[in-house]
Amino acid sequence: MSTLTVDKAGPTRNVKYGSMSRDRAWALRWSYFFLTLFAIFSLVPPFYMLITSLKGSAEISAATNPWWVFHPTLENYVGLLKSNQFLRFFFNSAMVSIIVVIITMLISIPAAFALSRMKFWGSATLATGVFLTYLIPDSLLFIPLFKMFALIGDVTGIQLINRWYVLLFIYPTLTVPFCTWIMIGYFASIPKELDEAAIIDGASWLQTLTRIFIPVALPGLIAATIFAFTVSWAQFLYPLVFTTSADQLVLPVGIVTTLIKGDVFNWGQIMTGALLGAAPPLIIYAFLMDYYIAGLTAGATKG
Amino acid sequence: MVDAAFGENAVPRPRAAARRQGLRKALRRKSTTAFLMTLPLILLILFLVVYPGIYSVHLATLNKSMQRFVGFGNFEFLFKRDTFWLVVKQSCIFAITAVVFKALIGFIVAHFVHNIPAKGQRKWRGMLLVPWVIPPAMSTLAWLWLFDPSYSAFNYTLASFGIGPIPWTGDAAWARFSVILVNVWYGAPFFMIMYLASLKSVPEQLYEAAAIDGANWWQRIWYVTLPMMRNIIAITTLFSLIVTFANFDIVRILTAGGPLDKTHIFATWAFRVGIEGSDIPLGASVSLFMVPILAVAAIFILRDVNKRGNES
């Protein structure tokens, strides 16, 4: 693959000076060479997931070349998609992620709007606070949160621990600060004249938000949505702490805790499950990569 | 209400005055509206982030059954345990090594991607960003399988070069190497994309000027690229330091802290002690040790962000 691209890309650079162009051509060849190496490094684990998912258990334990499938079979996919347990994990993951995205948007769009446009007492402090919250990792809060929700169960009798919907309360602590933060950046880039004109024409703040900010900042909103979804879908620590019953687990925890039984690793099914678990973010990313990247770069840098 | 001031009722008064009053009214209502709009966010931060944070400090001062106040007892206990110091050491080795390699690889790869014609960049960027998109719990499982002691695809490949089987996750040194390798694999794309974005914002004229002045490739990087990227490099590195230091999934799935607690970092050990060992106060104390390092990194990031905010 590398030789092919080198040949094609070599002459495309517009060339003016003899020696410089030769330097450039070489630089280009080296770039492609190293990019190929790094791409192989990046793609080995997903490729190996795919390879293994297509193997039968006999072939997995055979001493043949592990990098190739000699007898492809779909038995792992059939086995997983037929098992109610796996579908349950998938359903739980999808429910949690979709509802969390909705909650996140409902909280962070108005908040980002208020913080970026309506300067009020304490708004600067709050914006900084949002940013600081975004820096607090899940591994710092899981123990007190676990204890808090256990206490709520003890005091009110409403059992939240070991129910998948407890995650709907927890995940927004990860998604809301991030989404608010990148949306403050997007809203700040909208020209002030636009909303001032709307206010003078008699629009209320809510109308300004829904009629002007949301349409104009749509790329930012999409980026935030993708982020909220991928963060919720990939979260591992909170569901591991908060849910234990097999019917309450989300996908990552479900695969790790139920498909690995003691020392017996059913690698064919584990890799199939991992691949299916990785599929939704990968599909979203394949179609919306530019939004994803825009969100990534805006989130960590734009003020 | 605001609309009314602009509507038919306002006709008797001069239009300009009415408009001004309407605007003033709108401004007066502004702070109330703004407060209501941010209220859910404030409640979320207060009850699910700030309060648990404080509660965590309170928990850390209780005994195991959480009925007696023991002050700094948990911390004294931790200081006397060898495992704790092992965790401190491993957390630092893990976070610093991983971040350095992620930053280096990200920087190099970003340059290569920037180097090739714009037409093909999208394809390469897409392939190189895949590790970042797959949920880490899922991709770590693939790594675990690649590292498998008996059927390891890596060892099979190495054996064909005559290199003996490597105990990827069984031996302390190799296990440390493995968790760092997986973390670098997962995190390098983030650096790559951030650096690529900032590389694109460096004006081409600067390079042309440097080239005319006779600067070689190395000088161009040192005197043009690096100064222009300094802010992004600093902020990305600090942010990644926080995330890597607090990492959980990769270590948990790959080694679960083993062999002999040699690869535990703060998050995984806090989970082991607090949730699995059901000594919640001790677990809370362990995770609190992340706070000073996170706070230092956060202060630096915040300074940088505020500086940027003031400039614009």
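Rules used throughout
- Residues numbered from 1 in each chain as written.
- Chains lettered and ligands numbered in written order.
- Predicted model: local features only at pLDDT ≥ 70, side-chain atom pairs only at ≥ 80, totals over all residues.
- Heavy atoms only, no water.
- UniProt positions renumbered as here; feature names shortened; annotations may be inferred.
- Helix = DSSP H or I, 4+ residues; strand = E, 2+ residues; numbered from the N terminus.
- 1 Å grid on protein atoms, 1.4 Å probe; cavity = no way out; pocket = protein on both sides within 12 Å on 5 of 7 lines; lining within 4 Å.
- Points joined across faces, edges and corners; volume = space filled by probe spheres on them.
- Nonpolar A, V, L, I, M, F, W, Y, C, P; charged D, E, K, R; others polar.
- Core = buried A, V, L, I, M, F, W, Y, C linked by side-chain atoms within 4.5 Å.
- Buried < 20%, exposed > 50% of the residue type's maximum accessible area, 1.4 Å probe, protein only.
- Contact = heavy atoms within 4.5 Å.
- Buried area = accessible area lost by both parts, 1.4 Å probe.
- Salt bridge = Lys/Arg side-chain N within 4 Å of Asp/Glu carboxyl O.
- Polar contact = N/O pair within 3.5 Å; in protein donor to acceptor, adjacent residues only side chain to side chain.

- Per an unreviewed UniProt entry, chain B goes by Putative permease protein of sugar ABC transporter and derives from Bradyrhizobium oligotrophicum S58.
- UniProt lists a comment for chain B under the heading Subcellular location (unreviewed entry), and it reads "Cell membrane".
- Regarding chain B, the UniProt comment filed under Sequence similarities (unreviewed entry) reads as follows: "Belongs to the binding-protein-dependent transport system permease family."

- Identification of chain A as Putative ABC transporter permease protein from Bradyrhizobium oligotrophicum S58 is taken from an unreviewed UniProt entry.
- As recorded by UniProt, the Subcellular location (unreviewed entry) comment attached to chain A reads in full: "Cell membrane".
- Of the comments in the UniProt record for chain A, the one headed Sequence similarities (unreviewed entry) reads "Belongs to the binding-protein-dependent transport system permease family."

**Quick word on the UniProt feature "transmembrane region" (unreviewed entry) in chain A**
All names here are of chain A.
Phase 1: Annotation from UniProt places "transmembrane region" (unreviewed entry) at residues 30–51, 89–114, 120–143, 164–188, 208–229 and 266–288.
Phase 2: Helix makes up 100% of residues 30–51 and strand makes up 0%, while its end C-alpha atoms are separated by 30 Å.
Phase 3: Secondary structure over residues 266–288 splits into 96% helix and 0% strand, and the C-alpha atoms at its two ends are 34 Å apart.

**Some details on empty space enclosed by the protein**
Phase 1: Under the defined criterion, the tally for this structure stands at six cavities of 30 Å³ or more.
Phase 2: Its volume calculated, the largest cavity comes out at about 970 Å³.
Phase 3: Lining the largest cavity are 38 residues, with Val 231 of chain A together with Trp 132, Tyr 186, Phe 239 and Val 243 of chain B sitting closest to its centre.
Phase 4: Classifying every residue of the lining of the largest cavity by side-chain character gives 26 nonpolar, nine polar and three charged.
Phase 5: A volume near 110 Å³ is recorded for the second largest cavity.
Phase 6: Together, 13 residues line the second largest cavity, and Ser 42 of chain A together with Ile 105, Leu 128, Ala 188 and Pro 189 of chain B are the ones closest to its centre.
Phase 7: For the lining of the second largest cavity, the secondary structure elements donating two or more residues are helix H2 (18–53) of chain A together with helix H4 (82–115), helix H5 (118–133) and helix H8 (172–200) of chain B.
Phase 8: The greatest single-element share of the lining of the second largest cavity, amounting to five residues, is contributed by H8 of chain B.
Phase 9: A breakdown of the residues in the lining of the second largest cavity according to their chemical character gives 11 nonpolar, two polar and no charged.

**Observations regarding the nonpolar core**
Phase 1: Among the nonpolar cores identified, the biggest contains 201 residues, and Tyr 238 and Phe 242 of chain A together with Leu 141 of chain B are the most heavily contacted of them.
Phase 2: Broken down by element, the residue count for this core peaks at 16 residues, all from H8 of chain B.
Phase 3: Setting aside residues no more than four positions away along its own chain, Tyr 238 of chain A makes contact with Asp 138, Leu 141, Phe 142, Leu 145, Leu 167, Ile 170, Tyr 171, Thr 173 and Leu 174 of chain A.

**Some remarks on the UniProt feature "transmembrane region" (unreviewed entry) in chain B**
Residues and elements named next belong to chain B.
Phase 1: Within this numbering scheme, the UniProt entry marks residues 34–54, 93–114, 126–146, 174–197, 232–254 and 280–302 as carrying the feature "transmembrane region" (unreviewed entry).
Phase 2: With 100% helix and 0% strand, residues 34–54 has end C-alpha atoms that lie 27 Å from one another.
Phase 3: Taken end to end, residues 174–197 is 100% helix and 0% strand, and its first and last C-alpha atoms sit 35 Å apart.

**Notes on unusual backbone geometry**
Phase 1: One non-glycine residue, Asn 162 of chain A, adopts positive backbone phi at about 65°.
Phase 2: Topologically, Asn 162 of chain A is positioned in the loop between helix H7 (138–156) and helix H8 (166–170).
Phase 3: With relative accessibility at 16%, the residue Asn 162 of chain A sits in the buried group.
Phase 4: In this model, Asp 261 of chain B sits at a positive phi of 65°, which is unusual for a non-glycine residue.
Phase 5: Position of Asp 261 of chain B relative to the elements: it lies in the loop between helix H11 (249–254) and helix H12 (266–276).

**Here we look at the interface of chain B and chain A**
Often, the extent of an interface is quoted as the loss of accessible area on bringing the components together.
Phase 1: The interface is formed by 97 residues belonging to chain B together with 102 residues belonging to chain A.
Phase 2: Area buried by chain B at its contact with chain A is led by Met 37, Trp 124 and Trp 145 of chain B, which between them contribute 9% of it.
Phase 3: The interface formed by chain B and chain A contains two salt bridges.
Phase 4: In this structure, the salt-bridge partner of Arg 125 of chain B is Asp 290 of chain A, at a minimum N-O distance of 3.2 Å.
Phase 5: Put simply, chain B and chain A have 11 residue pairs in polar contact (both at pLDDT 80 or more) between them.

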